[in-house]
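The residues making up each chain are set out below.
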Amino acid sequence: MSTAHSKLLKGLADIFEVTEVSETFKLDPWDSLNVMQTVVLIDDCYGTVIHGAKIVDAETVADIIKVAEQ
């Protein structure tokens, strides 16, 4: 697991206010604020700017990782 990947998982846990997340973690609630925070997190972890539309329909952390690591 890369450093960026680990940092993303830690950041998503912070966003969802849980201890940790796995790739099967359900994004709930998944609202516009969480999408915006995740866009910023992906930029911070991977140096990649994505548009929120790419992740707005995500259901799990795995969906976020797929977009972040493209």
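Nothing here was measured: the structure is a model prediction, and the numbers come from that model.

Here we take up the packing of helix H1 (residues 3-15) against helix H3 (residues 61-68). Two elements in contact, H1 and H3, have axes separated by 11 Å at closest approach and are oriented at 140 degrees. Overall, the two elements H1 and H3 adopt an arrangement that is oblique. Crossing angle aside, the handedness with which H1 passes H3 is right-handed. Side by side, H1 and H3 meet where His5, Leu8, Leu9 and Leu12 of the first sit next to Val61, Ile64, Ile65 and Ala68 of the second.

Below, the discussion takes up the environment of Ile42. Here Ile42 is to be found in helix H2 (residues 32-46). Look at Ile42 and you get buried, because its relative accessible area is 0%. As a C-alpha pair, Ile42 and Asp14 span 28 residues in sequence and 13 Å in three-dimensional space. Leave out the neighbours within four places in its chain, and Ile42 touches Leu8, Gly47, Thr48, Ile50, Ile64 and Ala68.

So, on to the packing of H1 against H2. In contact at an axis separation of 9 Å, H1 and H2 are set at 155 degrees when each is read in the N-to-C sense. Taken as axis vectors, H1 and H2 run roughly antiparallel relative to one another. Crossing hand, H1 versus H2: right-handed. Touching Ala4, His5, Lys7, Leu8, Gly11, Leu12 and Ile15 of H1 are Asn34, Gln37, Thr38, Leu41, Ile42, Asp44, Cys45 and Tyr46, all from H2. Here the residues of the contact of H1 with H2 sort into eight nonpolar, five polar and two charged.

Basis of the calculations
Residues numbered from 1 in each chain as written. Predicted model: local features only at pLDDT ≥ 70, side-chain atom pairs only at ≥ 80, totals over all residues. Heavy atoms only, no water. Axes fitted to C-alpha atoms, helices over the stretch in contact; angles between N-to-C directions. Helix = DSSP H or I, 4+ residues; strand = E, 2+ residues; numbered from the N terminus. Parallel < 35°, antiparallel > 145°, perpendicular 65-115°, else oblique. Left-handed = near helix turned anticlockwise from the far one by under 90°. Contact = heavy atoms within 4.5 Å. Buried < 20%, exposed > 50% of the residue type's maximum accessible area, 1.4 Å probe, protein only. Nonpolar A, V, L, I, M, F, W, Y, C, P; charged D, E, K, R; others polar.

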